[in-house]
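Structural features, examined
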Amino acid sequence: PPYQMFEITWESSGEQLFGSLYMPDSGEHHPLLIRIHGSLQSSRDSWEYRSWGDYFARKGIATVVFDRRGSGDQAAEPGDSDFQVLTHDVLSLIEHLQGYENLDTSRVILNGASQEAYIALMANEQSQDVDYLLLSGAPSVTLIEQETHSLMQRMKAAGEESRHINEALAYQHLYFHYVMTGDNWV
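These figures come from a predicted structure and were not determined experimentally.

Quick notes on the rules
- Counting restarts for each chain: residues are numbered from 1 in the order of the written sequence.
- Local features are withheld for residues below a pLDDT of 70 in this predicted model, meaning they are given only at 70 or higher, and side-chain atom pairs are given and counted only at 80 or more; totals for whole chains, interfaces and linings count all residues.
- Only hydrogens and water are removed before side-chain values are computed, so all heavy atoms of the structure are retained for them.
- The term salt bridge refers to a pairing of a side-chain nitrogen on Lys or Arg with a carboxyl oxygen on Asp or Glu at a separation within 4 Å.
- The way it works is that DSSP assigns letters per residue, a run of H or I at least four long becomes a helix, a run of E at least two long becomes a strand, and they are numbered from the N terminus.
- Categorising residues by exposure relies on relative accessible area from a 1.4 Å probe, with only protein chains included: less than 20% of the type maximum marks a residue as buried, more than 50% marks it as exposed, and the intermediate range marks it as partly exposed.
- Any pair of Phe, Tyr and Trp rings, taking the six-membered ring for Trp, is counted once the centres come within 6.5 Å. Such a pair is stacked with planes under 30 degrees apart, edge-to-face with planes over 60 apart, and tilted for the rest.
- For every element, the axis is a line fit to its C-alpha atoms; helices are fit only across the contacting stretch, and the angle between N-to-C directions ranges from 0 to 180 degrees.
- Roughly parallel refers to an angle under 35 degrees, roughly antiparallel to one over 145, roughly perpendicular to one between 65 and 115, and oblique to any angle outside these ranges.
- Crossing handedness follows the turn of the near helix against the far one: under a right angle anticlockwise gives a left-handed crossing, and clockwise gives a right-handed one.
- The contact rule is simple, with two residues in contact once any of their heavy atoms fall within 4.5 Å.
- Paired strands are those between which DSSP finds at least two bridges.

1. Considerations on the pattern of salt bridges
- The final tally for this structure, using the stated rule, is 7 salt bridges.
- Taking the shortest distance from any N to any O, the salt bridge between Glu7 and Arg44 comes out at 2.4 Å. Remark: Arg44 occurs in the loop between β3 (30-35) and α1 (47-58) and Glu7 occurs in strand β1 (residues 3-12); sequence separation between them is 37 residues.
- For Glu7, a relative accessible area of 52% translates into the label exposed.
- Given the relative accessible area of 10%, Arg44 is considered buried.
- Ionic pairing is found between Arg163 and Glu161, a salt bridge with its closest N-O pair at 3.4 Å.
- Here the salt bridges share partners, and the residues they tie into one network are Glu7, Arg44 and Asp67.

2. Observations regarding the packing of aromatic side chains
- Taken as a whole and judged by the stated rule, the model has 7 aromatic pairs.
- With a centroid separation of 5.5 Å and 75° between ring planes, the pair formed by Trp10 and Phe66 is classed as edge-to-face. Taken together, the residues Trp10 in strand β1 and Phe66 in strand β4 (residues 62-66) connect sequence positions 56 residues apart.
- Residue Trp10 is classed as buried on the basis of its relative accessible area, which comes to 4%.

3. Re the packing of helix α4 (residues 143-157) against helix α5 (residues 162-181)
- For the pair α4 and α5, the least separation of the axes is 10 Å and the interaxial angle reads 155°. Here α5 runs roughly antiparallel to α4, going by the angle between their axes. For the pair α4 and α5, the sense of crossing is right-handed. Counting all contacts with α4, which are made through Ile144, Glu147, Thr148, Leu151, Met152, Met155 and Lys156, the residues of α5 involved are His164, Ile165, Ala168, Leu169, Gln172, Phe176 and Met180.

4. Here's the deal with the pairing of β3
- The buried fraction of β3 is high, at 6 of 6 residues.
- Relative to β4, β3 is paired through 4 bridges, and the arrangement is parallel. When the bridges of β4 are listed, Leu32 appears paired with Ala62.

5. Remarks on the sheet that holds strand β6 (residues 132-136)
- Taken in spatial order, the 6 strands of this open sheet run β1-β2-β4-β3-β5-β6, and their pairing is mixed. Edge positions in the open sheet fall to β1 and β6, since each of these has one partner strand only. Averaged over all adjacent pairs, the angle separating strand axes in this sheet is 25°, with direction ignored.
- Each of β1, β2 (15-24), β3, β4 and β5 (103-113) is contacted by helix α2 (residues 83-97), which is oriented at about 120° to β1, the strand it contacts most.

Set out below in structure tokens:
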């Protein structure tokens, strides 16, 4: 292939993380694309995920794919890390890559879909180092709005009465309020 692949490691929130950097062979400074892992394609062992490195590197774009915390080469136990932790992992990666030879870190692209798009959007909000977002299946509503709509539609499909749906939505609203603020759990 017209690129070299390098294994990289960096630290984020006390964990050592692992990734692969696909660097095009030409000697120029390449824009950097970080393909964020998903909830299902969370390891470089997945050909669907690692193929993004090959695809973009062939287009002249240096690309990183990396294992989700607790997946692939990670020492941590697999589990659900919250989006803030996963976002911090991306931001730590960007910081780690500053100064890599042949990387133009003034042109950082975050790429992903679905859950990955949420993480990309959060990283973009928290960093001046993100220059472009390349998203597909990007969210158009907040996670809470998405979960509220999902609950309502599942209950309607199950034939639940309107009053039961409204009670469930009210409970969910209280739950999310408590999770977000720690206030008013009754």
